[in-house]
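# Analysis of the macromolecular model
Spelled out, the chains give:
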Amino acid sequence: MANASSKEVFSDVTLTVDPNTFIEPNQVKYILTECGNRVTGTLHYEVQGSFDEIEDLFVKMSSLDRYVAAPNLRDSPLRHQQRPRSPTSVKAVPIVGVVWDFIQQRCSKELKRIQGEDVLIHKPGDKMVVTFQSHRKDPVRVHFARERFVTFYQRLATDLKVKTYRLDPQHYKSLQGQFPELLIEGSPSKDNITVTGRYIHIVLLEDFLRHCSSSAVTSQRPLTPQRVSARASGTTRNKQSDEEEESCPICLDPIKENTKKTLKCKHSFCRGCLEQAFKTKPVCPTCGAVYGELKGTQPNGGTMTVTKERSCLSGYETYGTIVIQYHIPSGIQKEEHPNPGQTYHGASRTAYLPDSSEGRNVLALLTRAFDQRLTFTIGRSSTTGMENMVTWNDIHHKTSRSGGTSCYGYPDPDYLRRLQDELKVKGIY
């Protein structure tokens, strides 16, 4: 029982809501009924459902404005003095700690560009959210900054990977200098390091560690995809010759003509290096173009059930709703998973798409992703912190019908486009 997930322990949960504690009580009932819940009670609303359903609903309710003073003052002339509301306040955006740490340490320029000169993006204390505030109290600027941050954050989170390696402590500092795009954490006195970075940089690091010698590791020469791409395209000249020398982006050695392999994306490699890289993932190590069909680590035996409803999603009022029910049962981890032989806890998730032509096209792509075992994986839950859990695998779903981006719901005008970009990264388009 101690290792059981919250969903399994609390299979049937009741949420009690007092609408009079909210500034807009009618909005409370609207959200409850909009989510398909049957509302009972008079002074209080009671909603029953699964742990996941009630958790999603609780997140939505938490985003609504509530009174600080007693609710019986809500009709008083002093109502607006109970909690001053800034005209620039916007909903906070939930974040994952590892992604936020990477943004702060490796994407500071992008973050400053999103903030501009007027908006402050801040993570308050230990809360796993970021807030937005305008120095000039300009609501237009702060809302625009929030939308840009959401787009940037979701695209980065889709591509970000975290890996652990065993490395000789004497090479720790030199490796940081050679791969400045990666966030390398650990101690020079220990042989384990944790590396966080975009997929292409992780691939370059792994290939470098696989092929380089100890003397190469101690070199301080930076190795970035930009520099490697320039060498691969033949722009590096031999100072002792007028002829250009093309180097393999993986091993960094000159490519011999009889072992050269050029992909459709026009990037060239040593044939052996490319074959080794494709064993990890069939994508171009330079640009990420997919060759072949990717297979993920989603546990076998899951189901994806699709139904349609007449009710609409916020922002898609002229269309019905596509409801996707995912179920991945619990089981034993295999060699491809983090802890082979140990049990993992399954998951049931519900997602929503508009029943428009674009929504139906996206549904077909999501079906392919599920069949290729790319939708879920096994790892650490970002909400509960529990290990050996079935989690989303960087394909973002809308699990709420309303509430906006901060509640993983609609409206979100750019969502379908972002989702297609995420799927394209995995070779599904």
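Above: the structure in question.
In this report, we go over the structure that sits alongside the text. (Residues numbered from 1 in each chain as written. Predicted model: local features only at pLDDT ≥ 70, side-chain atom pairs only at ≥ 80, totals over all residues. Heavy atoms only, no water.)

### Quick word on the packing of aromatic side chains
Rules: Paired rings are identified among Phe, Tyr and Trp, the last through its six-membered ring, by centres lying within 6.5 Å, and are further divided according to the angle between planes into stacked (under 30 degrees), edge-to-face (over 60) and tilted (the rest). Every helix listed is a DSSP run of H or I at least four residues long, and every strand listed is a run of E at least two residues long, numbered separately from the N terminus. In this scheme, a residue with accessible area under 20% of its type's maximum is buried, one over 50% is exposed, and one in between is partly exposed, where area comes from a 1.4 Å probe on protein chains only.
Applying the stated criterion across every chain, the model contains 10 aromatic pairs. Arranged with centres 5.7 Å apart and planes meeting at 65 degrees, the rings of Phe132 and Phe149 form a pair that is edge-to-face. On the criterion of sequence distance, the pair formed by Phe132 in strand S5 (residues 129-134) and Phe149 in helix H6 (residues 139-159) is long-range, its members being 17 residues apart. For the residue pair Phe132 and Phe149, the accessibility class agrees, reading buried in each case.

### Re helix H4 (residues 97-106)
The line we're drawing: Relevant arc is that of directions from the helix axis to the C-beta atoms, nothing else.
Among the residues of H4, Val99, Trp100, Phe102 and Ile103 are the ones counted as buried. Projection of H4 onto a plane perpendicular to its axis shows the buried side chains occupying an angular sector of 160 degrees, all on one side.

### A few points about helix H5 (residues 108-115)
In an α-helix, one turn spans 3.6 residues, which is why side chains three or four residues apart end up on the same side. Buried within H5 we find Leu111, Ile114 and Gln115. On an axial view of H5, the arc spanned by its buried residues comes to 95 degrees, and they lie on one face. Exposed residues lying more than 90 degrees from the buried face of H5 are Lys109, Lys112 and Arg113. At the C-terminal side of H5, Gly116 shows a positive phi close to 70 degrees.

### Notes on a nonpolar patch on the surface
As a reminder of what qualifies: Residues form patches when they are more than 30% accessible in relative terms and have no salt bridge. Like charges link within 9 Å. Nonpolar side chains (Val, Leu, Ile, Met, Phe, Trp, Tyr) link within 5 Å. Only the protein chains shown count as cover for residues, with accessible areas throughout obtained via the Shrake-Rupley method and a probe of 1.4 Å. Salt bridges are defined as contacts in which a side-chain nitrogen from Lys or Arg sits within 4 Å of a carboxyl oxygen from Asp or Glu.
Nonpolar side chains collect at one region of the surface, where Val96, Val98 and Val162 lie side by side and expose about 200 Å² of accessible area between them. Of note, Val98 is situated in helix H4.

### As for the packing of H4 against H5
In plain terms, the rule: Interaxial angle, 0 to 180 degrees, is taken between N-to-C directions of lines fitted to C-alpha atoms, where a helix line uses only the stretch in contact. For this classification, under 35 degrees means roughly parallel, over 145 means roughly antiparallel, 65 to 115 means roughly perpendicular, and everything else is oblique. Two residues form a contact once any of their heavy atoms are found within 4.5 Å. Under the convention adopted here, Pro, Cys and the residues Ala, Val, Leu, Ile, Met, Phe, Trp and Tyr are nonpolar, Asp, Glu, Lys and Arg are charged, and Gly plus all remaining residues are polar.
Two elements in contact, H4 and H5, have axes separated by 5 Å at closest approach and are oriented at 90 degrees. When the interaxial angle is binned, H4 and H5 end up roughly perpendicular. Each of Trp100, Ile103, Gln104 and Arg106 in H4 lies in contact with H5, whose residues at this interface are Ser108, Glu110 and Leu111. Counted by class, the contact of H4 with H5 contains three nonpolar, two polar and two charged residues.

### Re the sheet that holds S5
Let me state the cut-off plainly: In this scheme, strands are said to pair when DSSP sees at least two bridges between them.
Ordered in space as S3-S5-S4, the three strands form an open sheet in which the pairing is antiparallel. Single-partner strands in this sheet number two, and they are strand S3 (93-94) and strand S4 (119-122). The pairing of S3 with S5 spans two bridges and is antiparallel. Along S5, the bridge assignment pairs Pro94 with Val129.

### Section: the environment of Leu205
Checked against the element boundaries, Leu205 lands in helix H8 (residues 199-211). As for Leu205 and Phe179, which are separated by 26 residues in sequence, their C-alpha atoms are 7.6 Å apart. Here Leu205 is in contact with Tyr165, Leu175, Phe179, Leu182 and Val195, once residues within four sequence places are set aside.

### A closer look at the pattern of salt bridges
Opposite charge on two side chains allows them to pair when their charged atoms are near. The final tally for this structure, using the stated rule, is nine salt bridges. Asp355 is the partner of Lys308 in a salt bridge, and the nearest nitrogen-oxygen pair spans 3.5 Å. Placement of Lys308 in strand S11 (residues 303-309) and of Asp355 in the loop between strand S15 (347-354) and helix H12 (357-371) is noted, with a sequence separation of 47 residues between them. We classify Lys308 as exposed; its relative accessible area is 52%. According to the relative accessible area criterion, Asp355 is buried, its value standing at 18%. One connected set of salt bridges, linked through shared partners, spans Lys308, Asp355 and Arg360.

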